[in-house]
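# Chains, contacts and geometry: an overview
Each chain is listed here by its residues.
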Protein chains: 2
Amino acid sequence: MKRFFLFLLVFNQLIVMAQKNKQNFAIVIHGGAGNLVKKNYSPEEIVEYEKTLSFALDSGYSMLKKGAKATDVVTMTIQILEDSPLFNAGKGSVFSNEGRNEMDAAIMDGSNLKCGAVTNLQHIKNPITLANYIMTNSQFVFLNGEGAEKYAKENGFEFVDTDYFFVEKKWNELLRIRDSSKTQLDNENRGDINDIDKQDKYGTVGCVVLDQFGNLAAGTSTGGITNKKYNRIGDSPLIGAGTYANNETCAVSCTGHGEDFIRLVVGHEVHALMKYKHFSLQRSSDFVIQKELTEINGRGGLIAMDQKGNIAISFNTTGMFRGYINKYGEKKIGILK
Amino acid sequence: MKRFFLFLLVFNQLIVMAQKNKQNFAIVIHGGAGNLVKKNYSPEEIVEYEKTLSFALDSGYSMLKKGAKATDVVTMTIQILEDSPLFNAGKGSVFSNEGRNEMDAAIMDGSNLKCGAVTNLQHIKNPITLANYIMTNSQFVFLNGEGAEKYAKENGFEFVDTDYFFVEKKWNELLRIRDSSKTQLDNENRGDINDIDKQDKYGTVGCVVLDQFGNLAAGTSTGGITNKKYNRIGDSPLIGAGTYANNETCAVSCTGHGEDFIRLVVGHEVHALMKYKHFSLQRSSDFVIQKELTEINGRGGLIAMDQKGNIAISFNTTGMFRGYINKYGEKKIGILK
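Residue numbering note: each chain is counted from 1, following its sequence as written. To read the labels, note that chains go from A and ligands from 1, taken in the order they are written. It should be noted that, the model being predicted, local features are given only for residues of pLDDT at least 70 and side-chain atom pairs only at 80 or more, the latter also being counted only at that level, while totals for whole chains, interfaces and linings use all residues. The side-chain figures draw on all heavy atoms in the structure; neither hydrogens nor water molecules are used.

Residues and elements named next belong to chain B. A positive phi angle, close to 60°, is found at Leu113, a residue other than glycine. Secondary structure elements are taken from DSSP: a helix is a run of H or I of four residues or more, a strand is a run of E of two residues or more, and numbering for both begins at the N terminus. Mapped onto the secondary structure, Leu113 falls in the loop between β2 (103-109) and β3 (114-121). In this structure, Asn120 is a non-glycine residue whose phi angle is positive, near 60°. Locating Asn120 in the fold gives a position in strand β3.

Shown next, in the form of structure tokens:
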């Protein structure tokens, strides 16, 4: 009997210690999913990617530790990824068929369902900060192109020349597609995404956060798809599709072939499965990506978090740039499956 | 005993007759919701509205009868509403703060989740036909402004001069707001929608259909909100928010203060309540509009249909231009509550 009580005491102590090490905040980020092939990246490049993901995570986490609110952490963390030429957002945005950088972003606050989004920006250094500003200060949710930039100008945002977004590697990617896959260009058939599939096109950055106050937030920023035409809008800036947050369930940021994510309203679908079908975060995420998305031949992935700080990452491509610092302070970064 | 059997026989016959009169197709339309006040409309105007709604319904219904498919009926019916100067879509689109007509539209096919959407059109006579064309023929879902019009030009669409969209009444509406409610203009606070509330601003047209093949489709077309700024995008062209269709559950088209419909992802929310919570169509629609939308202080309404041809109409404004021909062939048109 004595031994049993001793065991109970030790067991209890272990639980208390585990509780102590558990913080009530966490962060996940992604830098895009795609059919990544290892040989396409030099070891030095891999180190660069990991370094940037790591820096973004650390910066966001230290803000959370100091008591910053979820939407601010999402914005600042995505800003770091936008400022890197590696990822397809902000500075590193890919080129449209017309040789332009057309940037989209969205953010959502899970505590009040407020949200802000922008599409077709060409001169704003950090699209995510404008999305945040719209959410916080305007009566609108979604502003577009010239109008969005006019709003930005009136509110003192930093403008950059289009040269700022020129990254040679991304430019060459456009030239390669414009040259090598003319059929993909000319054939408007929705089925013909194989050429894109073979390359790494689903660049997008995203961040999902639980802060100390129990609030969730999600943000996504992207340059879209290399060689996109006709001012195409993908899922990233669409609330409910590429970006969604709701304290009742989860915060979600997606990356992938945007059209399919729009058709499935992926972000809100993860939420609905949790809220109405009582699936766990991981089960909801896997159900949408591995089953529903795969069934309609869609490609991509998502990062998600619930209000307990559980993290889910799900993708059906060969790789996804990703990383997290969980509620136990454990940090992990990954690229391939 | 004999009397009981006789009763059964008659009862049975009545059921058979009811079944006979039941068609397996139906159509609902709306021409916008708002805090409509009777005294603002002359009896002649009311007749005009009812005549146009009636003509659109009859045209759609006769197509359905002949075996047309849901997406085609939605497109043609909305085209009729777009061509009328009465409703805020196509010809009758309201003016933005800059004095422009900026039109959005979306369509979704419940049988395969394909969809097409456009925003910020200025020269396309029938935005809904372009949305349908994008859904059917392109690899994209959502095209924007100049790019969307370039795509339209390459595919032989009818262009009109911006003069075509000039309707004096709508122009005067803009002048009245620009003059009378300067605070609403200058104050970007999301809470200040009262001035708009008092006028009739939520014009939008929509159509939801069940065809003979058991397929659902939904479409929405709008000129947005009078005096909108910064190329604001509302819920109408956003798949999942203002427009959604899925044969498993329902087809939905919304009208109202778009920002709130985006925050709730209204169309997909109605779907989720039916699919995962097994609510009926009417209960789902009322839950979203009367409870969820009302709780966040949102204003507007929706029309919806399920695969059995049941119809739901729900709005929390004083009125909504609406009409249906149900699966029994019964026709009804309404404006106020």
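From this point on, the discussion continues.
Each Phe, Tyr or Trp ring (for Trp, its six-membered ring) is paired with any other whose centre lies within 6.5 Å, and the angle between the two planes then decides the class: stacked below 30 degrees, edge-to-face above 60, tilted in between. One pass over the structure, following the stated rule, counts 30 aromatic pairs over all chains. Both rings, one in A:Tyr151 and one in B:Tyr230, keep their centres 4.9 Å apart while their planes meet at 70°; by these two values the pair is edge-to-face. Remark: B:Tyr230 occurs in the loop between β6 (216-222) and β7 (232-233) and A:Tyr151 occurs in helix α5 (residues 145-154); the pair is interchain, linking two chains. By the burial criterion, A:Tyr151 is buried, and B:Tyr230 matches it. The structure contains a cluster of three or more aromatic residues connected by ring pairs, namely A:Tyr133, A:Phe140, A:Tyr151, A:Phe157 and B:Tyr230. One Lys or Arg, B:Lys153, reaches over the ring of B:Phe159 and ends 4.6 Å from the middle of that ring. One Lys or Arg, B:Arg283, reaches over the ring of B:Phe279 and ends 3.7 Å from the middle of that ring. Burial classes follow relative accessibility: with a 1.4 Å probe on protein chains only, a residue under 20% of its type's maximum area counts as buried, one over 50% as exposed, and anything between as partly exposed. Think of it as a cone above the ring: NZ of Lys or CZ of Arg counts as a charge over the ring if it is within 6 Å of the ring centre and within 35 degrees of the ring normal.

Residue and element names in this part refer to chain B. Burial of strand β8 (residues 243-246) is two-sided: the residues Thr243 and Ala245 facing one way and the residues Tyr244 and Asn246 facing the other way are all buried. Strands were regarded as paired on the criterion that DSSP finds at least two bridges between them. One ladder, built from four bridges, connects β8 with strand β9 (residues 250-256); its direction is antiparallel. Within β9, the position partnered with Thr243 by the bridge is Ser253. The loop that links β8 with its antiparallel partner β9 comprises three residues.

With that out of the way, let us pick up the relation of the copies chain B and chain A. The two chain copies are related to each other by a rotation about an axis together with a translation along it. You can overlay chain B on chain A at an RMSD of 0.2 Å; the transform is a turn of 180° with a shift of 0.0 Å along its axis. The relationship between the two copies is best expressed as a two-fold rotation axis. A share of 100% of interface residues in chain B that are also interface residues in chain A marks the association as one of identical surfaces. The atoms used to superpose the copies are C-alpha atoms, taken from residues with pLDDT of at least 70 in both, and the fit is least squares. Throughout, a residue-residue contact means that at least one pair of heavy atoms, one from each residue, lies within 4.5 Å.

Moving on, we get to the interface of chain B and chain A. Listed as interface residues are 54 residues of chain B and, on the opposing side, 54 residues of chain A. Of the roughly 4,600 Å² buried where chain B meets chain A, counting both sides, 55% is carbon and sulfur surface. By convention in these notes, a salt bridge is any Lys or Arg side-chain nitrogen within 4 Å of a carboxyl oxygen on Asp or Glu. For the pair chain B and chain A, the number of links is four salt bridges. Polar contacts, as used here, are pairs of N or O atoms within 3.5 Å; protein pairs need one atom able to donate a hydrogen and one able to accept it. Residues neighboring in sequence count only if both atoms are side-chain atoms. Remark: the boundary between chain B and chain A carries 18 residue pairs in polar contact (both at pLDDT 80 or more). Values labelled buried area give the accessible surface lost by two parts on being combined, using a 1.4 Å probe and summing over both.

Strand pairing in a sheet is mediated by backbone hydrogen bonds. Such pairs are either parallel or antiparallel. Residue and element names in this part refer to chain B. Strand order in this open sheet of four strands is β8-β9-β10-β11, and the pairing throughout is antiparallel. Two strands lie at the open edges of the sheet, namely β8 and β11 (311-315), each paired on one side alone. The sheet shows a mean angle of 10° between the axes of neighbouring strands, taken without regard to direction. Strand direction decides the pairing type here: strand β10 (residues 300-306) and β11, joined by five bridges, are antiparallel. Residue pairing for β11: Ala304 is matched across the bridge by Ala312. Simply put, an axis is a line fit to the C-alpha atoms, just over the touching stretch for a helix, and the angle between two N-to-C directions goes from 0 to 180 degrees. Here helix α10 (residues 266-277) sits on the sheet in contact with β8, β9 and β10, set at roughly 145° to β9. Along the sheet, helix α11 (residues 281-295) makes contact with β9, β10 and β11, crossing β11 at roughly 10°.

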